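Topology and contacts: notes
Residues per chain are reported as follows:
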Amino acid sequence: MSVLPELGGSPRPTPPAFFEMNGVGKSFGPTESATEVLRGVNLEIREGEFVAIVGFSGSGKSTLVALMAGLLDPDQGSLRILGEPVTGPGPDRGVVFQNYSLLPWLTVRENVLLAVDQVFPKKSAVERADHAEHYIEMVNLTAALEKRPDELSGGMRQRVAVARGLAIEPRILLMDEPLGALDALTRGTLQVEIERIWARDKKTVVLVTNSVDEAVLLADRIVPLKPGPRASLGPSFPVDLPRPRDRKALNGSVTFQRTRNEVTQYLIEMQSRSTPAMSALGRSLPDLEPADLRPPRASFRS
Amino acid sequence: MSRKARVIHGCEVAGLDVFVPVVRLLSGEEPSRQIAEFGRSVGIPLLALGVFLLVWAGVASQIETSIGRVPGPAAVWEQGKALVGDHYAERTKEAQFYERMEGLKEKYAEEGRPWKDRRYSGKPTFLDQVGTSLATVFAGFVIASVVAVPIGILCGLSPTFYAAMNPLIQIFKPVSPLAWLPIVMIMVSALYTAENPFFEKSFISSAVTVALCSLWPTLINTAVGVASVEKDHLNVARVLQLSRFSTVRKIVIPSALPFIFTGLRLSLGVGWMVLIAAEMLAQNPGLGKFVWDMFQNGSSQTLAQIMVAVFTIGIIGSLLDRMMITLQNAVSYDVRSS
């Protein structure tokens, strides 16, 4: 796999980045009328770093996550993890999907075990069960071990998804708007929990979100995604706040407010700049996978 | 879950929703509302049934046929009891016959004469015919399921395979059992040539005909269920790098199960309907043959006997459906809760 030359052309320092994206682009649709969602995306992530990617709805966030996870192949550019090219999805990159993606016919325990069994086939059954339970405990769901997703609230389902994502012990945990579908209160609780788990594990995390506040609260570094089409990543905004971060205390913090304002300002500026292009296109851009809100299809009668 | 909630959930899964208000009533929950609810779910159907019986009785007494007056509900009920009575009378006779044979056998042994076992040769009773029909429909249903589920899964997984199967499905799906039956009977005669067959040839032909007609709903529903597996669930499998086989086994089939069971339920219904026609035409033992024999009989009892058969067929059919609904509820999950 060849690496496209960097725009700047200067050679990189030798040790490979933990995770890197070079000139990644992705289009959808038939060639003649393809919609270019991402173009020239460059990103480098250090080990143990908590990176938040912030963008408006429809800016290509989910496409970006799918590319990082390997669920989509880039049209241009390359992705590397520890210098190895990413050629497809794998358990080294855990994904917490936007709509949880729990298997509705399995209990909480079984959902996590499915992942653990697959990724740690060498462990004994007892070890795997302990392993799964450990992560379920980490997200405070031990009481719901034997419940099925339809018996859980949205916040609880998302915790199961987080437990499943962590239980496979990925090198990177990719979270695609994990809290997007939750109410503000649950969101706040889960944010605290995500930070707590991250502080304990020091896992490399990429959090994709549309909330600047959430990004500032959780991340070491915020990377804005410029609005699409042809979205690319903007400059990094380091978040220089001590951990653990307390939500209430932060509200009064000057650094918090400054960082939040800088990122918001940048996004709004980019948005207004790209608006003409969007209207010229004459249609709004679809997100990668629109959630299917139709009622479940009725069975086929013959 | 409280005990009450569990009982109610059990009622719902078993398809006995009718009793949910009773459970609630017994636990003293909103008595007036539960009584109204129970009245609607039990009282109204009973009332409608009563009206039907009255109309039937009224109309029947007005119609004179070549073999007597059309029987009303009471006559049919009597006939039903008579048919069941015949069954037990026949069983008693059978038991007496074997008793006699035992006695004879001992006598022969004492006298040193050779003994050959003889089987009772009484004709099958109505209940025997019901038993045969049930055995046949289940045999046909099992054959249909064993064929249809795997093919349906392949169709759902591979659009190419589906494209290959589609014309065959479209052509053979609408074929009536009456058209299949002669072919099946000839094929069974040609191919099933065991010396001492465990199954009667007629049993095999009926079962195969049932299978041929009833496999389509299962096949199509399975294909649709497999093809409509949530993409997100497949993505989970991809991230975990499940093998193709594991993906099918752990993700695709469980997620398609509600569809598969809907198909099985439709198939069993079709199979039961087809079976009666097949038995009638092929003179295979079973309810269909019973109806045909009674028709040929042309006695004053004929109409009442056939009506007993009609009700039996209907009641068994709806019980089979109920059974499948229960199974379907047991495997279904809330689709929106993924």
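Please read all numbers here as calculations on a predicted model, not as lab measurements.

**Points about the overall build of chain B**
From N to C terminus, chain B includes 12 helices and 2 strands. Listing every helix and strand of chain B by position from the N terminus yields α-α-α-β-β-α-α-α-α-α-α-α-α-α. Taking 20 Å as the expected radius of gyration for a compact globule of 338 residues, we find that chain B reaches 26 Å, considerably beyond that expectation. In terms of its C-alpha atoms, chain B occupies a principal-axis envelope of roughly 80 × 60 × 50 Å. Looking at chain B as a whole, 38% of its 338 residues qualify as buried. Within chain B, residue pairs in contact and separated by at least 24 positions form 68% of the contacts whose partners lie at least 6 positions apart. Surface exposure of chain B reaches about 19,000 Å², of which carbon and sulfur atoms provide 66%. Where the 29 positive side-chain charges of chain B centre and where its 25 negative ones centre are 6 Å apart.

**Observations concerning the sheet that holds strand β2 (residues 35-45) of chain A**
All names here are of chain A. Taken in spatial order, the 4 strands line up as β2-β1-β4-β5 in an open sheet, and their pairing is antiparallel. Where the open sheet ends on each side, the last strands, each with one partner, are β2 and β5 (84-85). As defined by bridge partners, strand β1 (residues 19-28) adjoins strand β4 (residues 76-81) across 5 bridges and the pair is classed as antiparallel. The residue of β4 that forms the bridge with Phe19 is Ile81.

**Re the packing of helix α5 (residues 126-157) of chain B against helix α12 (residues 302-331) of chain B**
All names here are of chain B. Closest axis-to-axis distance for the α5/α12 pair is 12 Å, and the angle between their directions is 40°. The interaxial crossing formed by α5 with α12 has right-handed handedness. Across the interface between the two elements, Phe126, Val130, Leu134, Phe138 and Phe141 of α5 pack against Val308, Ala309, Thr312, Ile316, Leu320, Met323 and Met324 of α12. The residue inventory of the contact of α5 with α12, partitioned by class, reads 11 nonpolar, 1 polar and no charged.

**Overview of the domain arrangement of chain B**
Residues and elements named next belong to chain B. Taken domain by domain, chain B consists of domain 1 (3-62), domain 2 (70-111) and domain 3 (126-337). Each of domain 1 and domain 3 was reduced to a C-alpha centroid, and the two centroids are 31 Å apart. Contacts between domain 1 and domain 3 engage 6 residues on the former and 7 residues on the latter. Where domain 1 abuts domain 3, roughly 460 Å² becomes buried across the two surfaces, and 64% of that area is made up of carbon and sulfur atoms. There are 0 salt bridges connecting domain 1 and domain 3. Our enumeration of links across domain 1 and domain 3 arrives at 0 residue pairs in polar contact (both at pLDDT 80 or more). Among the elements of the structure, α1 (3-13) and α3 (31-60) are those that each provide at least two residues to the side of domain 1 that touches domain 3.

**Notes on the pairing of strand β6 (residues 93-96) of chain A**
Residues and elements named next belong to chain A. Here β6 shows a buried face lined by Arg93 and Val95 and a second buried face lined by Gly94 and Val96. Across 4 bridges, the pairing between β6 and strand β7 (residues 172-176) is parallel. Directly across from Arg93, in β7, lies its bridge partner Ile172.

Basis of the calculations
Residues numbered from 1 in each chain as written. Chains lettered and ligands numbered in written order. Predicted model: local features only at pLDDT ≥ 70, side-chain atom pairs only at ≥ 80, totals over all residues. Heavy atoms only, no water. Helix = DSSP H or I, 4+ residues; strand = E, 2+ residues; numbered from the N terminus. Rg over C-alpha atoms; globule rule 2.2 N^0.38 Å. Buried < 20%, exposed > 50% of the residue type's maximum accessible area, 1.4 Å probe, protein only. Contact = heavy atoms within 4.5 Å. Areas by Shrake-Rupley, 256 points an atom, 1.4 Å probe, with all protein chains shown as cover. Lys, Arg positive; Asp, Glu negative; His and termini not counted. Charge placed at Lys NZ, Arg CZ, Asp CG, Glu CD. Pairing = 2+ DSSP bridges. Axes fitted to C-alpha atoms, helices over the stretch in contact; angles between N-to-C directions. Left-handed = near helix turned anticlockwise from the far one by under 90°. Nonpolar A, V, L, I, M, F, W, Y, C, P; charged D, E, K, R; others polar. Domains from an automatic or database assignment. Buried area = accessible area lost by both parts, 1.4 Å probe. Salt bridge = Lys/Arg side-chain N within 4 Å of Asp/Glu carboxyl O. Polar contact = N/O pair within 3.5 Å; in protein donor to acceptor, adjacent residues only side chain to side chain.

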